[in-house]
Amino acid sequence: MNTISLCVHEDIMPSVKWLLTEFDSAFTITSFRSFDSLEKAFKTKEWDLLILDSTTSQESIKDSLARIKDQNPNLKIILIIPPMANKEEVIEIIQGKMVQGLVIKPFTGEVMSKYLEKVGKQ
Amino acid sequence: MNSPDNEPSASVITWQDEMSVGVSEFDTHHKRIIALINKLQSSVARDDDGSITRDVLTEVSNYTLYHFFAEEDLMDKYGYPGAEAHKKEHLELTSKTLQLMNDAFRNRINIGGAVLDFLIRWLKQHIMITDKQYSAFFTGKGVS
């Protein structure tokens, strides 16, 4: 992994960044404050990994993921969802193999670190 | 809710060697899930407002989802013939887990006892029957 994009809310941004730094310092992390700004950046550059908070998107997260994947077919995605996420939509995302990891808030560092280790080896 | 007759003991489930699926990584995952289920049991017993239980339930759910992704990656890598049925069971369990999360966080339902029952039943069924079915396949592929 060389390029990681991070689109999460302010409340978890420091902890996710810290976990990434602990995991490996050999990559570049770019943070986006909104899904719109992330989507614009994804049109002009290739990325290896996206850690995406589903609540940063104003529309269906499944549709948002589909557009991002269209632009970056090899992109690995770890999706963070709220505990009250739309169950049917999450199941469709898993069935469609749209993400390589799924994390429910509030999460511990343990599970995010394990995903980073797993995805980093792929 | 637990009745006095089925009050949970100190450890509701313990790892036993017969639970091994022959893949050390997944045995480690199962042991961790068992530890988290026992942690959930402890939190149910001492949690007044349900907040600790909700946090531990999220921890169990997250680790279980991670385990499912890891198992499915290995199945895809080696072309496990039972992958489709196994993934279907994962999806059903994920759906149930997401429903439990909704109940716990949206409706603030006291989910402790019901969740414990579900998790213990699932763990035993999934490890001892479903996961055991891939043991010979992965061992034959040199995965240990």
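Positions within a chain are numbered from 1, following the residues in the order the chain's sequence is written. Chains carry letters from A onward and ligands carry numbers from 1 onward, assigned in written order. Reporting in this predicted model follows two pLDDT cut-offs: at least 70 for local features of residues, and 80 or more for side-chain atom pairs to be given and counted; totals over whole chains, interfaces and linings ignore these cut-offs and use all residues.

So, on to the packing of helix H1 (residues 24–46) of chain B against helix H4 (residues 112–130) of chain B. Residue and element names in this part refer to chain B. Look at H1 against H4: their axes get within 10 Å of each other, and the N-to-C directions meet at 165°. Put simply, H1 runs roughly antiparallel to H4. The handedness of the crossing between H1 and H4 comes out as left-handed. For the pair H1 and H4, the contacting residues are His30, Ile33, Ile34, Ile37, Leu40, Gln41 and Val44 in the first and Gly112, Gly113, Val115, Leu116, Leu119, Ile120, Leu123 and Ile127 in the second. Amino acids are sorted into nonpolar (Ala, Val, Leu, Ile, Met, Phe, Trp, Tyr, Cys and Pro), charged (Asp, Glu, Lys and Arg) and polar (every other residue, Gly among them). Per-class residue counts for the contact of H1 with H4 are 11 nonpolar, four polar and no charged. As a rule, the C-alpha atoms of each element are fitted with a line to give its axis, helices using only the stretch in contact, and angles between N-to-C directions run from 0 to 180 degrees. Secondary structure elements follow DSSP: runs of H or I of four or more residues count as helices, runs of E of two or more count as strands, with numbering from the N terminus. Any angle between 65 and 115 degrees counts as roughly perpendicular, while under 35 counts as roughly parallel, over 145 as roughly antiparallel, and the rest as oblique. Crossing handedness follows the turn of the near helix against the far one: under a right angle anticlockwise gives a left-handed crossing, and clockwise gives a right-handed one. In this description, a residue-residue contact is defined by the distance between C-beta atoms placed from the backbone, which must lie within 7 Å.

Next up on the list: the confidence of the model for chain A. What pLDDT reports is the predictor's confidence in each residue, on a scale of 0 through 100. With 97% of its residues at a pLDDT of at least 70, chain A reaches an overall mean of 88. Mean pLDDT values over the elements of chain A span from 82, in helix H1 (residues 13–23) of chain A, up to 96, in strand S5 (residues 101–104) of chain A.

In this usage, the nonpolar core is the set of buried Ala, Val, Leu, Ile, Met, Phe, Trp, Tyr and Cys residues whose C-beta atoms join them within 7 Å. Whether a residue is buried, exposed or partly exposed is read from the other C-beta atoms within 10 Å of its own C-beta, which are placed from the backbone; 20 or more gives buried, 12 or fewer gives exposed, and intermediate counts give partly exposed. By size, the foremost hydrophobic cluster in this structure holds 57 residues, and its most contacted members are Leu79(A), Val103(A), Leu40(B), Leu57(B) and Val60(B). The dominant element in this core, judged by the number of residues it contributes, is helix H2 (residues 51–78) of chain B, at seven residues. Sequence-distant contacts of Leu57(B), that is, excluding residues within four places in its chain, are made with Leu40(B), Leu100(B), Met101(B), Ala104(B), Ile111(B) and Val115(B). With five residues, the next largest nonpolar core counts Val21(B), Val23(B), Ile127(B) and Tyr134(B) among its residues.

At the junction of the two partners, chain A supplies 20 residues and chain B supplies 19 residues. Listed by contribution, the elements that provide at least two residues to the side of chain A that touches chain B are helix H4 (87–95), S5 and helix H5 (109–121) of chain A. Tallying contributions element by element places H4(A) first for the side of chain A that touches chain B, with five residues. For the side of chain A that touches chain B, the class distribution of residues is 13 nonpolar, four polar and three charged.

Here we come to the environment of Thr21(A). All names here are of chain A. Relative to the assigned elements, Thr21 resides in helix H1. When the 11 C-beta atoms within 10 Å are taken as the criterion, Thr21 is described as exposed. The spatial distance from the C-alpha of Thr21 to the C-alpha of Asp48 is 16 Å, given a sequence separation of 27 residues.

All names here are of chain A. For the pair H1 and H5, interaxial distance at closest approach is 10 Å and the crossing angle is 50°. For the element pair H1 / H5, the angle class is oblique. Pair H1 / H5 crosses with right-handed handedness. Residues Val16, Leu19, Leu20 and Phe23 of H1 lie in contact with H5, whose contacting residues are Gly109, Met112, Ser113 and Leu116. Of the residues that constitute the contact of H1 with H5, the class distribution is six nonpolar, two polar and no charged.

All right, on to the pairing of strand S4 (residues 76–81) of chain A then. Residues and elements named next belong to chain A. For S4, a buried count of six out of six residues is recorded, marking the element as mostly surrounded by other parts of the structure. Because side chains alternate across S4, one face comprises the buried residues Lys76, Ile78 and Ile80, and the other comprises Ile77, Leu79 and Ile81, equally buried. The pairing of strand S3 (residues 49–53) with S4 spans five bridges and is classified as parallel. Paired with Leu52 across the bridge in S4 is Leu79. Strand pairing follows a simple DSSP-based rule, namely that at least 2 bridges must link the two strands. Alignment of S4 against S5, held across four bridges, turns out to be parallel. Paired with Ile81 across the bridge in S5 is Ile104. Looking down the strands as they point away from the viewer, one classifies a crossover as right-handed if the path from the first strand across the helix to the second runs clockwise. Handedness of the S4-H4-S5 crossover: right-handed.

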